Amino acid sequence: MRKILEAPFMKEMCDATANMYRLGWDERNGGNISYLLYEEDVSPFIDTTKVIRAIPMNFDATELIGKYFLVTGTGKYFKNVEYDAEENLGLIRIAKDGTTAELLWGFADGGRFTSELPAHLMSHMVRLKKDPKHRVVMHSHPTNIVAMTHVHPLDDKNFTRTIWGTCTECIVVFPDGIGVLPWMVCGTNEIGEATAKKMEDYRIVIWAQHGIYGAGKDMDETFGLIETVEKGAELWMKYAALPIVNRISNRQLDNLAKSFGITYRSDFLDL
Ligand code: 13P
Ligand code: ZN
């Protein structure tokens with residue numbers, strides 16, 4: 001059996017949490033990540049027949065039965081993950097009843113998975129139907145995105161258009177746009193369901209006055225999505241209150257997308 005702390009997925013998780021902390025996105029226990037893994041990923045590192053604990057989830061994830069997730073723990077600090085992965089992370093498998101998580105490794109101090117597991121697993125279910133290569137759901141509290149939700153209308157179209165207009169790369173990185181939810185109580189099945197519904201159309205969902213969810217096929221892609229939205233939000237927060245003399249027009253955004261061969265949410269631009 002190889003050492004799980006040396007597994008590629010473990011290093012990716014430690015690097016992502018450390019980077020997010022140092023970018024100032026994930027204060028205290030803010031943020032959570034779930035990384036979908038398959039039997040062939042985990043079996044060189046753990047005995048998959050040995051269940052440490054069964055933890056009830058209180059929602060139905062039947063579509064994910066038998067799938068493995070490396071997930072951050074509730075109340076755990078991103079800044080600490082790289083120093084003590086076994087306490088701050090857990091490797092779970094969705095049990096045959098679809099409503100229980102079997103802990104196979106981690107949460108060594110008796111902890112449990114993030115309180116946002118409903119939003120994570122419900123989003124995984126939706127995104128897997130859109131893209132069989134999908135693997136990562138990431139939640140974070142980037143400062144400028146959260147700030148922007150205090151002062152910008154919260155509809156998907158206008159929010160997306162504003163961020164697309166902040167700098168050239170945005171429409172290229174997330175041509176599918178951004179879904180925005182109004183403020184809701186976090187950590188509930190309800191916010192999980194609302195997030196997953198948005199994930200039918202988008203890989204990015206913003207929670208007003210709270211943070212952002214990103215979904216992607218690997219850690220880099222998902223991190224890059226959030227990073228690019230945060231860059232756009234930071235730019236907008238810097239110039240929105242100033243007299244604007246130049247901007248990227250809708251026609252220019254359309255030309256850019258065409259030149260990159262990208263299909264985007266053209267109904268979000270009034271051409
Ligand atoms: P957890 O500590 O339960 O992961 O919650 C952090 C968070 O960001 C809640 O939205
Ligand atoms: Zn949060």
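Before reading further, recall that the structure is shown in the block above.
Residues numbered from 1 in each chain as written. Chains lettered and ligands numbered in written order. Predicted model: local features only at pLDDT ≥ 70, side-chain atom pairs only at ≥ 80, totals over all residues. Heavy atoms only, no water.

In the region of ligand 1, the neighbouring residues are Asn29, Gly30, Gly31, Asn32, Thr74, Gly75, Thr114, Ser115, Glu116, His139, His141 and His210. A distance of 2.6 Å separates an oxygen atom of ligand 1 from a polar side-chain atom of threonine 74. Between glutamate 116 and ligand 1, the recorded distance is 2.5 Å, taken from a side-chain N or O atom to an oxygen atom. Summarising the interface, the protein chains cover 93% of the accessible area of ligand 1, which totals 310 Å² for the free molecule. According to the grid-proximity analysis, the pocket containing ligand 1 is the second largest pocket. For the shell around ligand 1, the per-class residue count stands at no nonpolar, eleven polar and one charged. (Near = heavy atom within 4 Å. Polar contact = N/O pair within 3.5 Å; in protein donor to acceptor, adjacent residues only side chain to side chain. Areas by Shrake-Rupley, 256 points an atom, 1.4 Å probe, with all protein chains shown as cover. 1 Å grid on protein atoms, 1.4 Å probe; cavity = no way out; pocket = protein on both sides within 12 Å on 5 of 7 lines; lining within 4 Å. Sits in = over half its atoms within 2 Å of the grid points. Nonpolar A, V, L, I, M, F, W, Y, C, P; charged D, E, K, R; others polar.)

Turning our eyes to something else, we now look at helix H10 (residues 219-239). Given a rise of 1.5 Å per residue, 21 residues ought to cover 30 Å, and the 31 Å separating the end C-alpha atoms of H10 matches this to within 8%. Looking at H10, one finds that the buried residues are Met219, Thr222, Phe223, Gly224, Leu225, Ile226, Thr228, Val229, Glu230, Gly232, Ala233 and Trp236. The N-cap of H10, judged by a side-chain oxygen 3.2 Å from the amide nitrogen of aspartate 220 a few residues on, is aspartate 218. (Helix = DSSP H or I, 4+ residues; strand = E, 2+ residues; numbered from the N terminus. Expected span 1.5 Å × (residues − 1). Buried < 20%, exposed > 50% of the residue type's maximum accessible area, 1.4 Å probe, protein only.)

On to the nonpolar core, then. In terms of nonpolar packing, the biggest core is built from 55 residues, with Phe9 and Leu70 touching the most fellow members. Sorting elements by how many residues they give to this core places H10 first, with seven residues. Setting aside residues up to four positions removed in sequence, leucine 70 forms contacts with Phe9, Met10, Met13, Ile33, Ser34, Tyr35, Leu37, Leu89, Gly90, Leu91 and Trp105. In this structure, Ala101, Phe113, Leu121 and Ala196 belong to the second largest nonpolar core, which totals 30 residues. (Core = buried A, V, L, I, M, F, W, Y, C linked by side-chain atoms within 4.5 Å. Contact = heavy atoms within 4.5 Å.)

Turning next to the coordination of the zinc ion (ligand 2). At 2.1 Å from the zinc ion (ligand 2) lie its protein donor atoms, namely His139 (NE2), His141 (NE2) and His210 (NE2). One chain supplies every donor for the zinc ion (ligand 2), spaced along it as H-x1-H-x68-H. Of this pair, histidine 141 sits in the loop between strand E6 (136-140) and helix H6 (143-151) while histidine 210 sits in the loop between strand E8 (204-207) and strand E9 (211-216); the two residues are 69 residues apart in sequence, bridging distant segments of the chain. (Donors = N, O, S within 2.8 Å, 3.2 Å for Na, K, Ca; no water.)

This structure, assessed with the given rule, holds six aromatic pairs. Seen in terms of ring centroids, tryptophan 25 and phenylalanine 223 are 5.3 Å apart; in terms of plane orientation they differ by 25°. Their pairing is stacked. Taken together, the residues tryptophan 25 in the loop between helix H1 (8-22) and strand E1 (32-37) and phenylalanine 223 in helix H10 connect sequence positions 198 residues apart. A ring pair is formed by tryptophan 164 and phenylalanine 268, whose centres lie 6.3 Å apart and whose planes are at 45°; its orientation type is tilted. With tryptophan 164 in helix H7 (residues 156-164) and phenylalanine 268 in the segment after helix H11 (250-259), this residue pair connects regions lying 104 residues apart in the sequence. By relative accessible area, which is 6% here, phenylalanine 268 ends up buried. Connected via pairs of aromatic rings, a cluster forms that spans Trp164, Tyr202, Tyr264 and Phe268. (Phe/Tyr/Trp six-rings, centres within 6.5 Å; stacked < 30°, edge-to-face > 60°.)

Moving on to the packing of H6 against H10. At their nearest, the axes of H6 and H10 sit 8 Å apart, and the two run at 55° to each other. Between H6 and H10, the interaxial angle falls into the category oblique. For the crossing formed where H6 meets H10, the hand is left-handed. Contact with H6, carried on its side by Thr143, Asn144, Ile145, Ala147, Met148 and Val151, involves Ile226, Val229, Glu230, Ala233, Glu234, Trp236 and Met237 of H10 and no other residues of that element. A breakdown of the residues in the contact of H6 with H10 according to their chemical character gives nine nonpolar, two polar and two charged. (Axes fitted to C-alpha atoms, helices over the stretch in contact; angles between N-to-C directions. Parallel < 35°, antiparallel > 145°, perpendicular 65-115°, else oblique. Left-handed = near helix turned anticlockwise from the far one by under 90°.)

With that out of the way, let us pick up the pattern of salt bridges. Any two side chains of opposite charge can pair, so long as their charged atoms come close to each other. In the structure shown here, the tally under the stated rule is 17 salt bridges. What emerges from the salt-bridge pattern is a single network uniting Lys217, Asp218 and Glu221. (Salt bridge = Lys/Arg side-chain N within 4 Å of Asp/Glu carboxyl O.)

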